[in-house]
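Each chain, written out:
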Amino acid sequence: MARVHKQGRRELIDDLRAALSTALAPTGTSRGATKAPAPTTLILTAGPGAGKSHTLAQLRSEVDVRTTWTSAHELSWRQPFTVAAALVGTELPADIPDGYGDTLYDHVDAMCADGPLALFLDDAHHADAESLTLLTRLSAAARDLPLVVVVGRRPLPERELLTRLAARPTAREWSLPPMSGNEIAAVCREVVGAEPDRALLGALAAAHGNPMHAISLLRTLDQSGDLIITDGRATLGAGASARVSTGDRDAVAEHLALLDSRARDLTQKLAVWGGPATLVDLAAIDNAAPASLIGAAQSATDAGIITTDDDGTLSFTHDLYADVTYQQLAPAFRTILHDAIADLPQTRGDHQRETHHRLASGTDPNAIADAVRRARDDLTHSPAVVVDLLDPLARQGDTATGVHLPLSVALARTGQLTRAATTATEGLAHSTDPEEFAGLRGVQLFALVARGETHQARALVDETLALPIDDSVAERLGDLRRHVGLLEGLSPVPTTPFVDVSTDLSRRSAPGLTTEGLRLFLLGHLDAGLQLTLQALGPRDHRPGRPWTAPHLCRHLAAADRTLRTRPGRGRRSPHRYDPTTDQPGHRLDDRISRIHPGRNRTRTRTPRQCGRHLGCRTGAGRRRRHGVDVAGRRRARDDRRPAR
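Each value, and the rule that gives it
Counting restarts for each chain, with residues numbered from 1 along the sequence as it is written. Confidence filtering applies because this is a predicted model: local features only for residues at pLDDT of at least 70, side-chain atom pairs given and counted only at 80 or more, and all residues used for totals across whole chains, interfaces and linings. Only hydrogens and water are set aside when side-chain values are computed; all heavy atoms of the structure are taken into account. Labels follow the DSSP assignment, with helices taken as runs of H or I lasting at least four residues and strands as runs of E lasting at least two, numbered in each case from the N terminus. Contact criterion: two residues are considered in contact whenever any of their non-hydrogen atoms come within 4.5 Å of each other. The accessible surface values rely on the Shrake-Rupley method and a 1.4 Å probe; as for residues, cover is taken only from the protein chains in view. Only buried residues count toward a nonpolar core, which is a set of Ala, Val, Leu, Ile, Met, Phe, Trp, Tyr and Cys residues joined through side-chain atoms within 4.5 Å. Buried, partly exposed and exposed residues are distinguished by accessible area as a fraction of the type maximum, computed with a 1.4 Å probe on protein chains only: under 20%, between the cut-offs, and over 50%, respectively. Positive charge is attributed to Lys and Arg, negative charge to Asp and Glu, and no charge count is given to His or to the chain ends. One side-chain nitrogen of Lys or Arg within 4 Å of one carboxyl oxygen of Asp or Glu is enough to make a salt bridge. Think of a polar contact as two N or O atoms within 3.5 Å of one another; within protein, one of them needs to be a possible hydrogen donor and the other a possible acceptor, and neighboring residues in sequence only count if both atoms come from side chains. We call Phe, Tyr and Trp rings a pair once their centres come within 6.5 Å, taking the six-membered ring for Trp, and we label the pair stacked below 30 degrees between planes, edge-to-face above 60, and tilted otherwise. Look at NZ for Lys and CZ for Arg. If either is within 6 Å of the ring centre and within 35 degrees of the ring normal, a charge sits over the ring. Think of each axis as a best-fit line through the C-alpha atoms, taken over the contacting stretch in the case of a helix, with angles from 0 to 180 degrees between the N-to-C directions. For classification purposes, angles smaller than 35 degrees are called roughly parallel, those larger than 145 roughly antiparallel, those between 65 and 115 roughly perpendicular, and all remaining angles oblique. Each crossing gets its hand from how the near helix is turned against the far one by less than a right angle, where anticlockwise is left-handed and clockwise is right-handed. Classes in brief: Ala, Val, Leu, Ile, Met, Phe, Trp, Tyr, Cys and Pro nonpolar; Asp, Glu, Lys and Arg charged; the others, Gly included, polar. Here the expected length of a helix is defined as 1.5 Å per residue gap, with one fewer gap than residues. Note on pairing: two strands pair once DSSP finds at least 2 bridges between them.

Visitor: Please clarify how the overall build of the chain should be interpreted in this entry.
Guide: In terms of helices and strands, the chain carries 29 helices and 14 strands. For the chain, contacts bridging at least 24 residues in sequence account for 63% of all contacts bridging at least 6. Of the accessible surface of the chain, which amounts to about 31900 Å², a share of 53% is contributed by carbon and sulfur atoms.

And the structure:
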C-alpha cells in the first residue's frame, strides 16, 4: 500500500503560494510551457474559524500585481451581482439590466488589458448565484487572460455553483488543516503579547488547532482576569480551568457572555440584521437615539467582537460571533426583531432584505407573499437568484405565495430542465388558477421539447388539446405538435407550408413561425426559414434596409468573434484576425468562421466549405494573399505546428 503523505498547514500554504505565483507568471512561461496548464482558479476551503480569511489576506499582501478583494456576508446571496460588482470595483445599478453579467465580464477583460489581475473572494458560500455564475465564466476566461481567481469558502452550506467551479480542469482546491502547537503558540504571542507557558498551551490544546477557538479562549481568560502575565510570560489563574471550552462555538459563547447587557443587546440586533449596519440602523429598530448606543458599541469593540469601518459601519470580527449570537437568541425574540427590521422604511425600500426578514419571522403569510412578489419582480434578469429565493418555499410546500410557476420558469431559464419540469408538475397538483395552469403546462412542454423527449411532448400536447381550451391556444398547441414532429424526423418533411407567408404574420404565434421556419430549413430554404425565425424572435438590430440572410448572419458571427479576439490585452495565443468588412453579400466568408466560445480565444474553427455545408450558404475558397502577405501559407504553417487533439 502506498504511503499517504499528510500535508501540514504551513506546507499547504506554501503550496498555495507557489500555485498563485505560477498562475500569475507571464503567458508563455509557466502557464504556456507545459501541456497541462497551471490552475488559474485557486480555492481554499476551511471550516469556521480555521483561519481561511487570514490566509487569503496574507497571500494577497505578498503578490506584486493588481488585486481586488471582497467578502460576502449572510444577505449577499439575495442581492444579484452585489458580490461580483464589489469584486471588480463597479457600482451596482439600482435596477439590474438584462445582460449585466456581460457588462461585468467586459469590465474584467478591460482591467486585464492593463496587466495581470488577481481577484480575491472570501466567504464565497454566501455569494449570490449570479455572482458565482460570473465567477465560473471568469475562471474559464483565465485560461487566456492574465487573470487569477482566488476563492475562500466553507464546506457548508453546500453551493452547487461552487462545486461546479471546483470541478473545472483549471481549478484546484486546498483544505486548510488545523494549526500545529507551535502555530497556536504564535497566535497566543500575537494576541496577548507574551510567551505562553506549558499550562496555558495545555489549555489551548482544547482548540484542536482552530485559531478562532484559541483566540476566543485567550480573550475570555484575559477579560475574566484568569490570564496572568508576568515578565513576558503568560499563564493561567487559579480558576481558569472552568473557562476552557472544548468546542469552538462554546468558546465563542463564553466570550460573548462577558459582555454587559447593553453590548449584548447591540450584538443581538446586529446578528439579526444579517450584515453590516450603522448605529443609525440599529437605533431605528426601537426608535432609540444613535448616540445612546455608542457605549455599547465601544464595549463590544474593546472585547474584539465587533469592528467599525471608517464610515461607521459595524460588523462582527468573525461570522462565528454572529452565528452564535443569533442561535442563543430565543426564537420568539428573533421573530420580534425580524418583524421590527422588516417594518423599517430603509428595509421596505430594499425588497430582497425585507423578504429575508419576513421569511425569517414567518408571522404574517400575507406580508410574506407580498414581499416575495416584490422581490421576485426585481429579479427579472436574475433567474439564478430567483431560484435561490423561491426554492426553499417550494420545498416547504408553500402554495399560498404561488411560487411554483415563477420557480419553474427560473429553473428553465438557468438550464435546469429536469427540475423545472418536476416543479411544474408539483405546481399543477395545487393550481386552481387557469393562467397559472397554462403557464405550468407550458413549462412542462418546453422542458420536454428542449430535452428531446418528443414522444412525451406529443402525448402531453394531445392531453392538453382534449381540455376545454379556446381556439388560439389550440392553434399554438397544434403548431407545437407539428414542431415536435419535425424534430422527431419519423416522416418526410411536408412540402405544403404550415403558414401562409402572404398573410399578416404579426397575428401568428411564435411557435407557428418557428415551426414553419424549421420546415423551410429542412427543405434547404435557409434564407426564408431564417427570416421567419427572426420574425418570431422579434425585431433585431442589423443594417438598416438590408434583409437578414445566411451570409449576413455568418459575417455577424465572424465580426463578434473578431471583437473578442482583437480587444487590447487579448489574443496572445490567437495569431489570426478577421476582417469581415471585405466580404460582400453572396460572396465568400473571410477565411474561417469560428464558433464563439465566451472567454476563450483559441476557438474551434470551421473552414469555409464546412460552414457552407453547415449553414447552406455559398462560400469561396478563401483569399490566398492579403496586402502582400501569404495568409494561407501562414495558416498552413500554424496548423502544422498546432498539436493534434
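From this point, things continue past the structure.
Visitor: I keep staring at the nonpolar core and nothing clicks. Help me out?
Guide: Among soluble globular proteins, nonpolar side chains are generally buried collectively. Of all hydrophobic cores here, the largest spans 36 residues; its most connected members are Leu-104, Val-108, Leu-117, Leu-135, Leu-138, Leu-147 and Val-151. When residues of this core are traced back to their parent elements, those giving at least two are helix H3 (82–88), helix H4 (100–113), strand E3 (117–122), helix H5 (129–141), strand E4 (147–153) and helix H6 (160–166). Non-local contacts of Val-151, meaning those with residues more than four positions away in its chain, are made with Leu-42, Ile-43, Leu-44, Leu-56, Leu-121, Ala-124, Leu-135 and Leu-165. By size, the runner-up hydrophobic cluster in this structure holds 33 residues, among which are Leu-270, Ala-283, Val-324 and Leu-337.

Visitor: It is not clear to me how the side chain of Glu-183 should be interpreted in this structure. Could you clarify?
Guide: With respect to the secondary-structure elements, Glu-183 resides in helix H7 (residues 181–192). The buried charged residue Glu-183 lacks any salt bridge, with Arg-10 as its nearest oppositely charged partner at 4.3 Å. Within polar-contact distance, the side chain of Glu-183 engages the backbone nitrogen of Ser-180 at 2.7 Å. Not counting chain neighbours up to four residues away, the residues in contact with Glu-183 comprise Arg-9, Arg-10 and Pro-178.

Visitor: Help me out: how do you make sense of the packing of aromatic side chains in this one?
Guide: Where two aromatic rings form a pair, the distance of their centres and the angle of their planes describe that pair. One pass over the structure, following the stated rule, counts two aromatic pairs. Aromatic side chains Trp-69 and Phe-120 sit 6.2 Å apart centroid to centroid with 25° between the ring planes, which places their arrangement in the stacked category. One end of the pair, Trp-69, is in strand E2 (residues 66–71); the other, Phe-120, is in strand E3, with 51 residues separating them in the sequence. Owing to a relative accessible area of 27%, Trp-69 belongs among the partly exposed residues under this scheme. Residue Phe-120 is classed as buried on the basis of its relative accessible area of 0%. Centroid distance Phe-81 to Tyr-100: 5.3 Å. Interplanar angle 80°. Geometry classified as edge-to-face. Remark: Tyr-100 occurs in helix H4 and Phe-81 occurs in the loop between E2 and H3; sequence separation between them is 19 residues. When the ring centre of Tyr-105 is taken as reference, the NZ or CZ atom of Arg-137 above it lies at 4.4 Å. A cation sits over an aromatic face here: Arg-482 above Phe-498, 5.4 Å from the ring centre.

Visitor: Just checking my understanding: could you explain the packing of helix H15 (residues 331–342) against helix H17 (residues 351–361) for this structure?
Guide: Two packed helices can be described by the angle between their axes and the distance between those axes. At a closest axis distance of 8 Å, the pairing of H15 and H17 adopts a crossing angle of 150°. Judged on the interaxial angle alone, H17 and H15 are roughly antiparallel. In this structure, H15 crosses over H17, and the sense of that crossing is left-handed. Residues Thr-335, His-338, Asp-339, Ile-341 and Ala-342 of H15 touch H17, and the partners they reach there are Glu-354, His-356, His-357, Arg-358, Ala-360 and Ser-361. Residues that form the contact of H15 with H17 fall into these classes: three nonpolar, five polar and three charged.

Visitor: Explain helix H18 (residues 365–377) to me, please; I cannot follow it from the model alone.
Guide: Each full turn of the α-helix corresponds to 3.6 residues, which orients residues three or four apart in the same direction. Spanning 13 residues, H18 covers 18 Å between terminal C-alpha atoms, matching the ideal 18 Å at 1.5 Å per step. When we look at burial in H18, the residues that qualify are Ala-367, Ile-368, Ala-369, Ala-371, Val-372 and Ala-375. Close packing links the buried residues of H18 with H17 and helix H19 (383–395). A side-chain oxygen of the first residue of H18 lies 3.2 Å from the backbone nitrogen of Asn-366; this N-cap is Asp-364.

Visitor: For this particular structure, what's the right way to read the sheet that holds strand E6 (residues 195–196)?
Guide: Paired through backbone hydrogen bonds, the strands of a sheet run either parallel or antiparallel to each other. Strands sit in the order E6-E8-E7 across an open sheet of three strands; the sheet is mixed. Strand pairing shows two members of the sheet lacking a second neighbour, E6 and strand E7 (227–230), which therefore form its edges. As paired strands, E7 and strand E8 (residues 233–236) are joined by four bridges and run antiparallel to one another. Residue pairing in the sheet places Thr-230 in a bridge with Arg-233 of E8.

Visitor: Even after reading the chapter, I still don't get the sheet that holds E3, so can you show me in this structure?
Guide: As summarised here, the arrangement of the five strands in space is E2-E3-E4-E1-E5, forming an open sheet in which the pairing is parallel. Pairing within the sheet leaves two strands with one partner each, and these edge strands are E2 and strand E5 (171–175). Geometrically, the sheet is characterised by an average inter-axis angle of 15° between neighbouring strands, direction not taken into account. Bridge analysis of E3 against E4 gives five bridges, and the strand direction is parallel. Each residue of the ladder has a partner; that of Leu-117, found in E4, is Leu-147. Together, E2, E3 and E4 form the strand contacts of H4, whose direction differs from that of E3 by roughly 135°.

Visitor: So what exactly am I meant to see when it comes to the environment of Gly-51 here?
Guide: Looking at the element boundaries, Gly-51 is found in the loop between strand E1 (41–45) and helix H2 (52–62). A residue is classified by how much of its surface remains accessible, and Gly-51, at 17% relative accessible area, is buried. Along the primary structure Gly-51 and Met-179 are separated by 128 residues, whereas in three dimensions their C-alpha atoms are 9.1 Å apart.

Visitor: In this structure, what is going on with the side chain of Arg-519? I would like to understand it.
Guide: Its place among the elements puts Arg-519 in helix H25 (residues 510–522). Classification of Arg-519 as buried rests on a relative accessible area of 3%. In contact with Arg-519, other than residues within four places in its own chain, are Leu-486, Val-493, Pro-494, Thr-495, Thr-496, Pro-497 and Phe-498.

Visitor: Sorry, what's going on with H25 here?
Guide: Taking 1.5 Å of rise per residue, the 13 residues of H25 would be expected to cover 18 Å, and the 18 Å separating its terminal C-alpha atoms lies within 8% of that figure. Buried within H25 are the following residues: Gly-512, Leu-513, Thr-515, Glu-516, Gly-517, Leu-518, Arg-519 and Leu-520. Of the surrounding secondary structure, the elements contacted by the buried residues of H25 are helix H24 (471–488) and helix H26 (526–537).

Visitor: What's the story with unusual backbone geometry in this structure? I'm lost.
Guide: Leaving glycine aside, a negative phi is the common case for residues, and trans is the common case for peptide bonds. A cis geometry characterises the amide bond from Leu-156 onward to Pro-157, with omega recorded as 0°. Counting through the fold element by element, Pro-157 comes out in the loop between E4 and H6. If you check the backbone angles, Asp-231 has positive phi at about 50° while not being a glycine. As for its placement among the helices and strands, Asp-231 is situated in the loop between E7 and E8. A positive phi angle is found at Asn-287, which is not glycine, with a value near 55°. By the secondary structure assignment, Asn-287 is in the loop between helix H12 (279–284) and helix H13 (294–302).

Visitor: Would you mind going over the pattern of salt bridges with me for this structure?
Guide: Close approach of charged atoms allows side chains with opposite charge to pair. Considering all chains together, one arrives at 32 salt bridges under this definition. A salt bridge links Asp-343 to Arg-348; the nearest nitrogen and oxygen atoms lie 3.7 Å apart. A relative accessible area of 43% means that Asp-343 is categorised as partly exposed. For Arg-348, a relative accessible area of 41% corresponds to the partly exposed category. As a salt-bridge pair, Asp-479 and Arg-508 come within 3.3 Å of each other at their nearest N and O atoms.

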